Amino acid sequence: MFDPFLEQLQASIKARGGEAVVVPEDLEKCISKKGNSIIRSWLWKLPGFRRWRITRLDAGNSLQVLNSVAYPTFTKDQPLMGIDLLWFGVSNKLVAVLDFQPLIQDEAYLQRYFEGLKNLQRRFPALSSQEKMRSFDPNQYFSPWLLFCRGGIELAKDTLPVAFSAFLNCYWELDELSKGMPSKIPADQVRQFQFAYDLYHLKRDPAHGLFTSYFGKEWSDRFLREFLFPADSVNESPIKYKPHQTK
Ligand code: BLA
């Protein structure tokens, strides 16, 4: 279901100088105990980004997922880019979230970085359905203009492909724009905000139960702490998780 988006995302990262970073073999790919689901992940490093991760879960008709987060380098205070697309085939239900995830909810910051996403929200009202969040606080690390919807197959087939391309282009444009705008938040604080983002998601991500049911608790704990939200890794390989490191 989401393979064309995955290809588009990887191609656009490569086109901007993306270099693949090795993901430990057991986290890069895992097949469920029943053998009918597979999760695969990719990690990229590219100019302006210290880490860009992508995960695709293929559980056949039960569930299809594409999830991705881009972490800019600490010298850039622009929002992270977040994608979470889920398709539940049995119930024909799409959950789609596309957002520029702000480090802070400050008015001037939002004005600086969100013109493009505001326009997209106006352009795709079907994806701006003011859905209620159950696990997350919409005022923390989500923008007021996120594209977020729960819908059916028409939305997934007709609107989402156009919106996905527009969203991705819009983030690349923001990245381009930010090159001419010096960062206002000092690098050390950007680093702290990005780590706080990871820790926040580590605690609340609704995927944990889902991963556990497919891949077991041990693998899922490791995948969340070491790959999805490795909060305390700094410049070196973000894969290494050191639970008791103090800053
Ligand atoms: C919701 N995301 C969900 C749900 C699941 C996942 C199972 C609940 C579905 C529902 O609400 O009906 C799944 N999340 C995943 C998976 C991964 C993951 C498989 O991280 C990892 C591979 N989530 C993100 C990012 C954003 C995001 C980057 O990981 C932002 C763009 C948003 N996901 C997001 C939101 C919800 C959600 C806003 C609804 C949560 C809520 O209702 O509070």
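Right, let's walk through the structure included here.

About the criteria used
- Residues numbered from 1 in each chain as written.
- Predicted model: local features only at pLDDT ≥ 70, side-chain atom pairs only at ≥ 80, totals over all residues.
- Heavy atoms only, no water.
- Helix = DSSP H or I, 4+ residues; strand = E, 2+ residues; numbered from the N terminus.
- Polar contact = N/O pair within 3.5 Å; in protein donor to acceptor, adjacent residues only side chain to side chain.
- Salt bridge = Lys/Arg side-chain N within 4 Å of Asp/Glu carboxyl O.
- Axes fitted to C-alpha atoms, helices over the stretch in contact; angles between N-to-C directions.
- Parallel < 35°, antiparallel > 145°, perpendicular 65-115°, else oblique.
- Left-handed = near helix turned anticlockwise from the far one by under 90°.
- Contact = heavy atoms within 4.5 Å.
- Near = heavy atom within 4 Å.
- Nonpolar A, V, L, I, M, F, W, Y, C, P; charged D, E, K, R; others polar.
- Core = buried A, V, L, I, M, F, W, Y, C linked by side-chain atoms within 4.5 Å.
- Buried < 20%, exposed > 50% of the residue type's maximum accessible area, 1.4 Å probe, protein only.

## Quick word on the side chain of Arg50
Here comes step 1: Within the secondary structure layout, Arg50 lies in strand β4 (residues 49-59).
Here comes step 2: In terms of polar contacts, Arg50 uses its side chain to reach the side chain of Gln194, at 2.7 Å.

## Comments concerning the pattern of salt bridges
Here comes step 1: Scanning all chains against the criterion turns up 10 salt bridges.
Here comes step 2: A salt bridge links Glu176 to Lys179, with the nearest nitrogen and oxygen atoms 3.1 Å apart. A residue pair is termed a helical-turn pair when its members lie 3 or 4 positions apart in one helix, as Glu176 and Lys179 do in helix α5 (residues 153-179) at 3 residues.
Here comes step 3: Residues joined in a network through salt bridges with shared partners are Asp26, Arg222 and Glu226.

## Some points on the packing of helix α4 (residues 115-123) against α5
Two quantities define a packed helix pair, namely the angle between the helix axes and the distance between the axes.
Here comes step 1: Their axes nearest at 10 Å, the elements α4 and α5 cross at an angle of 170°. Relative to α5, the element α4 is oriented roughly antiparallel. Note that α4 runs across α5; the crossing there is right-handed. Of the residues in α5, those touching α4 at Gly116, Leu117, Leu120 and Arg123 are Val162, Ala166, Phe167 and Cys170.

## What about the site of the ligand?
Here comes step 1: Asp84, Arg134, Ser135, Arg150 and Asp205 are the nearest of the 28 residues found near the ligand.
Here comes step 2: Asp84 places a polar side-chain atom, nitrogen or oxygen, 2.7 Å from a nitrogen atom of the ligand.
Here comes step 3: With respect to the ligand, the backbone of Phe136 contributes an N or O atom lying 3.0 Å from an oxygen atom.
Here comes step 4: For the shell around the ligand, the secondary-structure elements that each account for two or more residues are β5 (63-72), β6 (80-88), β7 (93-101), β8 (147-151) and α7 (207-215).
Here comes step 5: For the shell around the ligand, a count of residues per class yields 16 nonpolar, 6 polar and 6 charged.

## Some details on the nonpolar core
Here comes step 1: Counting residues in each nonpolar core, the largest one holds 81 residues, and the members touching the most others are Trp52, Ile54, Leu85, Leu94, Leu160 and Phe167.
Here comes step 2: The biggest single contributor to this core is α5, with 12 residues.
Here comes step 3: Beyond its immediate stretch of four places on either side in the chain, Ile54 contacts Leu6, Leu9, Gln10, Ile13, Arg40, Ser41, Trp42, Trp44, Leu66, Asn67, Ser68 and Phe227.

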